[in-house]
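Coordinate inspection notes
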Amino acid sequence: MTAMPLLGPLAAAAPAAAAEPRPLVRASGLTKRFVTGGSWFPSRRRVLTAVDDVSFAVMPGETLGLVGESGCGKSTLGRCLTRLHDLSGGRLEFDGRDIGALPMRRMRPLRAELQMVFQDPHASLNPRRRIGDLLAEPLRVHRLASPSEIEARIAELLASVELPADFSRRYPHELSGGQRQRIGIARALALRPKLIVADEPVSALDVSVQAQIVNLFCDLRDRFNLTYVFIAHDLAVVRQISTRVAVMYLGAIVEIGDVDAIFEAPRHPYTAALLDAIPEPHLGARKARSARLPGKEPPSPANIPAGCRFEPRCARARDRCRKERPRLEAKDGGTLAACHFPL
Amino acid sequence: MTDRILDPLALPAAAPPQDPALGGAKEASSGPWATAWRRLRRDRGAMVALAVLCLVALACAAAPLYASAVSGTNPFATNLNGEVTIDGTAQPVLAPSTTGLGLGVTPIGPTWAFGPYMLGADNQGRDVAARMLYGGRNSLLIAGAATLLTLVFAVAIGLLCGFFGGIVDGVLNRVLDVLWAFPIYLLAISLSIVLIAEGLTIGPIDIRAGSLWLPIAIIGVVYVPYVARPIRGQTLSLMRSEFIAAAIALGVPPWRIFVKDLLPNIMPRVIVLVPILLALNMITESSLSFLSIGVQPPDASWGTIIQDGQGLLYSRPIVALAPGLAVALTVLCLNILGDGVRDAFDPRAKVRIA
């Protein structure tokens, strides 16, 4: 859509990357558009750009937190990364292989290394299959265990998510939300993936259970050397689990950087506004930040502003913001931000 | 950043809170099928309806036995000059009419005794009770076979549309639209009138005129769009569900997703449709037979007996009334059972055909 140079944010990260291993995920110019309506009348067709020219890389062992309002495209981005969606444009590399255009059939063997945990644990488990059957499915499909080994593997998987082995005989409806999400995690682990894309894995859970599940994610990362792309709208959760954070707004990453830099010294007004919206536990502890989010809804992804996409809601917007789309580039403070007048 | 986040409910860290269900006190967990069956058994109305339906089916199955042992006449042969002994006196089966214009005959009335002519005779002197049982056999058979036929086609079409989408969905949908464009009865009646005399030959399938398979095929086909559409819709919504996405993300091949994830979740919705479809087919069959374009004489069905009784409505109303009540009772029971099955299998669904 825009002529943003594909290598912008990657080039900025290049000096450090030289000594490091190659990124596990490298997305450049990733775009996903949805076409709605107009099957009979092309003039009625509306193009919705859910993910607009997004570029980033995820290093092995890293956890990239992906935050943003609902509808900003973070879930769509997650589903693009796992190729549940076909891409509309851009390149996607996983572990050095270009998977952006692989057909579904060729994608299947790769999926063992690239797993996903879903948002709603009530919807992501087939209600008519027992837990053991659900956990055995990936092992059978990828022939990772012989029939005699499967039972032991299931018990092992259940143990790794801190559930007793006799759960394998139960049906999903007999489990609580937290337990089901543990099953969802165990199923993703079954294939020993390198990357897990977790799509708001705790937002459907009770707050007390959320903490347990986030802690489980942390423990598993250390045990199995996992890399996460962790999508969430709860900033506290993201701050706990992430090593880097990307802030999405209206289909694009507006700021990306190390978790401490993002939380302590955000440069993009939107990031600041998001952080400002966190309720502070103590009265008077609220830091004075210059950007407050006006009560407006974000523009529709079918109608993205031509200039800076945050301009209509930004208190700092000036003339230039309306005309010229800012690029994601390094700002002092350690983050990359897409803003002409960063904080 | 490695610190654990503060648990807002400040639960003690030493005792991770877990569900009481974790104890493993529960023995065998019941699957969805067992649960549904248990729920259905607890539904008293549905169970009574099921019992009545079983009785009706059993009685109809025993038709030949009844004809030979109880009524003692051939229910498919006319018996114009026959006599029957009732209470020790011989009476003609078809007595000359003494009322009205004095034309024609009045068949013998119901004896209400377990024996010959329990429900009287029709205008050809045939035992109505025996014909009712034979007719019920045909009515049930046609309704059942047509239901099976509809389900096979409709489920196949619905699943194909929903699973493959795109051009398959488009083409099959237009075909259904064409069928749907006709009112059910108009379509059924037109098809019957065209096919009733000639029979139907499609490739290896050869249905002779007057065969029971003709009404079965006609009734089976006309309801296909009304069942295929909901199945397609449910398949589409299942295909968008997260557990299908999860299966794709796990790398499960499409055919396995179809068999393991899609079919088991569609089946309850199909089962829910069965009683409703049976009831609808029952009524459609009776209507076609009543119009003489369903079951052909000398075969009987409840619809044809109602038609036989039409001319005797003033003198012997029982001839039309009895099969009418049989249809009404059976359909009522099927509907009650259908409600029960729906509540048991798919409590949230709102099932409606036509």
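Notes on the structure in this doc start here. For clarity, every value in this text was computed on a predicted model and none was experimentally measured.

A short note on the pattern of salt bridges
With the rule as written, the count across this model stands at 38 salt bridges over all chains. Its salt-bridge partner being Arg129 of chain A, residue Glu137 of chain A comes within 2.6 Å of it at the nearest N-O pair. Like Glu137 of chain A, the residue Arg129 of chain A is buried in the burial classification. Measuring nitrogen to oxygen at the nearest pair gives 3.8 Å for the salt bridge that ties Asp308 of chain B to Arg131 of chain B. Highlighted residues: Asp308 of chain B in helix α11 (residues 302–310) and Arg131 of chain B in helix α4 (residues 128–164), separated in sequence by 177 residues. Side by side, Asp308 of chain B and Arg131 of chain B carry an identical accessibility label, which is buried.

With respect to unusual backbone geometry
A cis geometry characterises the amide bond from Pro297 of chain B onward to Pro298 of chain B, with omega recorded as 5°. The topology assignment puts Pro298 of chain B in the loop between α10 (254–290) and α11. Within the chain, Asp53 of chain A stands out as a residue other than glycine whose phi angle is a positive 55°. Structurally, Asp53 of chain A can be placed in strand β2 (residues 46–58). For Asp53 of chain A, a relative accessible area of 9% translates into the label buried.

Some details on the sheet that holds strand β7 (residues 195–199) of chain A
Residues and elements named next belong to chain A. Across the sheet, eight strands lie side by side as β6-β7-β8-β3-β9-β10-β12-β11; this open sheet has mixed pairing. The sheet is open, and its two edges are formed by β6 (114–117) and β11 (329–330), each paired on a single side. Pairing of strand β10 (residues 252–258) with strand β12 (residues 336–337) involves two bridges; the strand directions are antiparallel. Bridge pairing in β12 links Ile256 to Leu336.

Focus on the packing of helix α4 (residues 131–141) of chain A against helix α6 (residues 177–189) of chain A
Residues and elements named next belong to chain A. Relative to each other, α4 and α6 sit at 25°, their axes nearing to 8 Å. The angle between α4 and α6 falls in the class roughly parallel. Two packed elements cross with a definite hand, and for α4 against α6 that hand is right-handed. Contacts between α4 and α6 involve Ile131, Leu134, Leu135 and Pro138 from the first element and Ile183, Ala186 and Arg187 from the second. The residue inventory of the contact of α4 with α6, partitioned by class, reads six nonpolar, no polar and one charged.

Examining a positive patch on the surface
All names here are of chain B. On the surface, Arg38, Arg39, Arg41 and Arg42 cluster together to form a positively charged patch. With respect to the helices, strands and loops of the structure, Arg39 is situated in helix α1 (residues 32–42). Note on Arg39: relative accessible area 33%, which makes it partly exposed.

Some points on the packing of aromatic side chains
With the rule as written, the count across this model stands at twelve aromatic pairs over all chains. Plain terms: the ring middles of Phe217 of chain A and Phe230 of chain A are 5.3 Å apart, the flat faces sit at 90° to each other, and that makes the pair edge-to-face. Of this pair, Phe217 of chain A sits in helix α7 (residues 207–224) while Phe230 of chain A sits in strand β8 (residues 227–231); the two residues are 13 residues apart in sequence, bridging distant segments of the chain. On the basis of relative accessibility, which here comes to 0%, the residue Phe230 of chain A falls in the buried class. Taking the centre distance of 6.1 Å and the plane angle of 70° together, the rings of Tyr66 of chain B and Phe114 of chain B count as edge-to-face. Here the residue Tyr66 of chain B occupies a position in helix α3 (residues 63–71), and Phe114 of chain B occupies one in the loop between β4 (105–107) and α4, the gap between them amounting to 48 residues. Among the aromatic side chains, those forming a connected cluster through ring pairs are Phe217, Tyr228 and Phe230 of chain A. Above the plane of the ring of Trp33 of chain B lies Arg128 of chain A, whose end atom (NZ or CZ) is 4.8 Å from the centre. Above the ring of Phe167 of chain A, the side-chain terminus of Arg170 of chain A is found at 4.7 Å from the ring centroid.

Remarks on the environment of Pro75 of chain B
Residues and elements named next belong to chain B. Inspection of the secondary structure assignment puts Pro75 in the loop between α3 and β1 (83–86). Once the C-alpha coordinates of Pro75 and Ile207 are considered, the two residues, 132 residues apart in sequence, prove to be 25 Å apart. Once residues within four sequence positions are removed from consideration, Pro75 is found in contact with Ala67, Arg126, Ala130, Arg131 and Tyr134.

Concerning the sheet that holds β2 of chain A
All names here are of chain A. An order of β2-β1-β4-β5 is seen for the four strands of this open sheet, with the pairing classed as antiparallel. At either end of the open sheet lies a strand with only one pairing partner, and these are β2 and β5 (97–98). Of the strand pairs in this sheet, strand β4 (residues 89–94) and β5 are connected by two bridges, and their pairing is antiparallel. By the bridge assignment for β5, Phe94 is matched with Arg97. Most of the contacts of helix α2 (residues 74–81) go to strand β1 (residues 25–36), to which it runs at about 115°, and overall it touches β1, β2 and β4.

Structural notes on the side chain of Gln181 of chain A
Residue and element names in this part refer to chain A. Relative to the helices and strands, Gln181 is located in helix α6. A polar atom in the side chain of Gln181 sits 3.0 Å from the backbone oxygen of Phe118. Discounting residues that sit within four places of it in the chain, Gln181 has contacts with Val117, Phe118, Gln119, Pro121, Pro201, Leu205 and Ile213.

A word on a nonpolar patch on the surface
All names here are of chain B. Among the surface-exposed residues, Leu160, Phe164, Ile167, Val168, Val171 and Val175 lie close enough to one another that they form a single nonpolar patch of about 560 Å² accessible area. Mapped by element, the contributors of at least two residues to the nonpolar patch are α4 and α5 (166–180). Looking at the nonpolar patch, the element that brings in the most residues is α5, giving four residues. Inspection of the secondary structure puts Val175 in helix α5.

Things to note about the environment of Val168 of chain B
Topologically, Val168 of chain B is positioned in helix α5. The spatial distance from the C-alpha of Val168 of chain B to the C-alpha of Ile157 of chain B is 9.4 Å, given a sequence separation of eleven residues.

Considering helix α8 (residues 224–239) of chain B
Taking 1.5 Å per residue, 16 residues should reach 22 Å; α8 of chain B reaches 22 Å between its end C-alpha atoms and fits that length. Looking at the buried positions of α8 of chain B, the neighbouring elements they touch are α4, α5, α6 (184–198), α7 (213–222), α9 (242–249) and α10 of chain B.

What counts as what
Residues numbered from 1 in each chain as written. Chains lettered and ligands numbered in written order. Predicted model: local features only at pLDDT ≥ 70, side-chain atom pairs only at ≥ 80, totals over all residues. Heavy atoms only, no water. Salt bridge = Lys/Arg side-chain N within 4 Å of Asp/Glu carboxyl O. Buried < 20%, exposed > 50% of the residue type's maximum accessible area, 1.4 Å probe, protein only. Helix = DSSP H or I, 4+ residues; strand = E, 2+ residues; numbered from the N terminus. Pairing = 2+ DSSP bridges. Axes fitted to C-alpha atoms, helices over the stretch in contact; angles between N-to-C directions. Parallel < 35°, antiparallel > 145°, perpendicular 65-115°, else oblique. Left-handed = near helix turned anticlockwise from the far one by under 90°. Contact = heavy atoms within 4.5 Å. Nonpolar A, V, L, I, M, F, W, Y, C, P; charged D, E, K, R; others polar. Patch = residues over 30% accessible without salt bridge, like charges linked within 9 Å, V, L, I, M, F, W, Y side chains within 5 Å. Areas by Shrake-Rupley, 256 points an atom, 1.4 Å probe, with all protein chains shown as cover. Lys, Arg positive; Asp, Glu negative; His and termini not counted. Charge placed at Lys NZ, Arg CZ, Asp CG, Glu CD. Phe/Tyr/Trp six-rings, centres within 6.5 Å; stacked < 30°, edge-to-face > 60°. Lys NZ or Arg CZ within 6 Å of the ring centre and 35° of its normal. Polar contact = N/O pair within 3.5 Å; in protein donor to acceptor, adjacent residues only side chain to side chain. Expected span 1.5 Å × (residues − 1).

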